Each structure stands twice: as C-alpha cells, then as structure tokens.
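Chain by chain, the residues:
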Amino acid sequence: MGKTYERIDGRLRTFIEAQPVFFTATAPLDESGTINLSPKGVTGSFAVLDEQRVAYLDFAGSHAETVAHLRENGRITLMWCAFQGPPNIVRVHGRGEPVFRDDPRFAELLTHFPDVDPALHGLRAIIVVSAEHIRDSCGYGVPFMTYDEDRDLHAKRFAREDDTTLSAYFEKRTIARSMDGLPGVPLPLPPSA
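Residues numbered from 1 in each chain as written. Predicted model: local features only at pLDDT ≥ 70, side-chain atom pairs only at ≥ 80, totals over all residues. Heavy atoms only, no water.

1. Some remarks on the pairing of strand β5 (residues 53–58)
Point 1. Across the 6 residues of β5, 5 count as buried, placing the element largely inside the fold.
Point 2. Bridge count between strand β4 (residues 46–48) and β5: 3 bridges; the pairing is antiparallel. Within the sheet, the bridge partner assigned to Phe46 lies in β5 and is Tyr56.
Point 3. The hairpin formed by β4 and β5 contains 4 residues between the paired strands.
Point 4. Bridging between β5 and strand β8 (residues 125–137) involves 6 bridges; their strand directions are antiparallel. Within the sheet, the bridge partner assigned to Asp58 lies in β8 and is Ala125. (Buried < 20%, exposed > 50% of the residue type's maximum accessible area, 1.4 Å probe, protein only. Helix = DSSP H or I, 4+ residues; strand = E, 2+ residues; numbered from the N terminus. Pairing = 2+ DSSP bridges.)

Below is the structure:
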C-alpha cells in the first residue's frame, strides 16, 4: 500500500538519490494544451535541497515545455521507479520554478551539483521544486532493468558550444515558446558564469 510523507528524508531521500533516472510531468492550464512527460538522468544533475525542496539541471534540448508550463502555472510532478531492488515508485507533486542563468540565486543553486560540468550540457536553467504532496506506491508492475552507464552523446554534442553558438542553436529550436505558444526559455541566453 502507498504512503504519504511529510518530508523528503531518511529512506525516501536515499531511494530518490539512488535512482539513475526520473521523470517530470507538466501541463498548461489550457485543457487542449500539450501535456509533457520527460525523462531526466545525467548522473549528478538532481539534488535534494532540503526536506521540502528538490532541484535538477535543465540542459539544452530541442524543446522547453517544462519551463513554459512552470512559468505559466508552476505545477509539476516528479517520479522515480525502482528498476532494481525492492519495488517502489515515489512521486513528488509540487510547484516548480525555472531559475535562469541571470537569476541571483543561480550560482548558489549550482553548488548543489558539484559532479556535473554545466559547460558540457548547455545548461539553460535550474528547476527548483517545492513539494506539496510526497507519495510512494508498490511498483509491482515496474520491470527489472539494469543501469549500465550514462550516454555521453549529450555532453559530446553540447560541449562544443559557447554562449553565442548555444543561443544561436536555441534560436533555431522551439525553446523560446512551447508547442502551445507559451513563453519558454528567454533568449538570448545570458552569459554563463
């Protein structure tokens, strides 16, 4: 049976931090808008900030649906599944905010990710999520799968970009606006620290 938690600590925190992949889900307010579900998984790109807040690095990509939805309404759900060991699924339902590179909080937040070189991934923002509901469930239907290693393709692709070329890349992609026309990542990107 599932359980509801007041905070992210102890066994729950240990479980979350041990998972090599997690998923984010967001949606616009417009009922005809596009619901977004994204996998995340670069080792070291997720952090528990405190018992009520988590954060992850938002890297370069071809879309910015999560950022756009968070800017519009803040609703987000994060989910982790145990693909190894005892079955478990944990969901954090909460309010999220993209903290962009020119935000005064950005540099301090970045210190929570010491094992990731943001220059290798085209870091756009840090997503900070404040938990409103924390729940787990059995996970009996989740298959066993093994984690071998992170793919190195993302880092190889974006390591060759600097702020100017990365902004040009983003100008060609649909990150300034969501698929539904909501404001996404502000362009051009401010210089990285």
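2. Focus on the nonpolar core
Point 1. Membership of the largest hydrophobic core comes to 33 residues, with the highest contact counts inside it found for Ile8, Ile16, Phe46, Leu78 and Trp80.
Point 2. Residue assignment for this core shows that the elements contributing at least two residues are α1 (10–18), β4, β5, α2 (65–72), β6 (75–81), β7 (89–100), β8 and α5 (163–172).
Point 3. The element contributing the most residues to this core is β8, with 5 residues.
Point 4. Contact partners of Leu78, with chain neighbours within four places excluded, come to Phe22, Phe23, Thr24, Val54, Tyr56, Val90, Arg91, Val92 and Val129.
Point 5. Residues Leu49, Val99, Phe106 and Val116 belong to the second largest nonpolar core, which totals 13 residues. (Core = buried A, V, L, I, M, F, W, Y, C linked by side-chain atoms within 4.5 Å. Contact = heavy atoms within 4.5 Å.)

3. Quick notes on the pattern of salt bridges
Point 1. Enumeration over the complete set of coordinates arrives at 10 salt bridges.
Point 2. Residues Arg7 and Glu51 are paired through a salt bridge, measuring 3.3 Å at the closest nitrogen-oxygen approach. Residue Arg7 is found in the loop between β1 (3–5) and α1, and its partner Glu51 is found in the loop between β4 and β5; the two are separated by 44 residues along the sequence.
Point 3. With relative accessibility at 37%, the residue Arg7 sits in the partly exposed group.
Point 4. One salt bridge connects Glu97 with Arg105, and the closest N-O pair in it is separated by 2.7 Å.
Point 5. Accessibility expressed as a relative area gives 37% for Arg105, which makes it partly exposed.
Point 6. Taken together, the shared-partner salt bridges in this structure form one network comprising Glu97, Asp103 and Arg105. (Salt bridge = Lys/Arg side-chain N within 4 Å of Asp/Glu carboxyl O.)

4. Quick word on α5
Point 1. Taken together, the buried positions of α5 are occupied by Leu166, Ser167, Tyr169 and Phe170. Considered in projection along α5, the buried side chains sweep an arc of 155° and stay on one side of the axis. Facing away from the buried side of α5 by more than 90 degrees, the exposed set consists of Thr164, Glu171 and Lys172.
Point 2. The inward-facing, buried residues of α5 contact α4 (153–158). (Arc of directions from axis to C-beta.)

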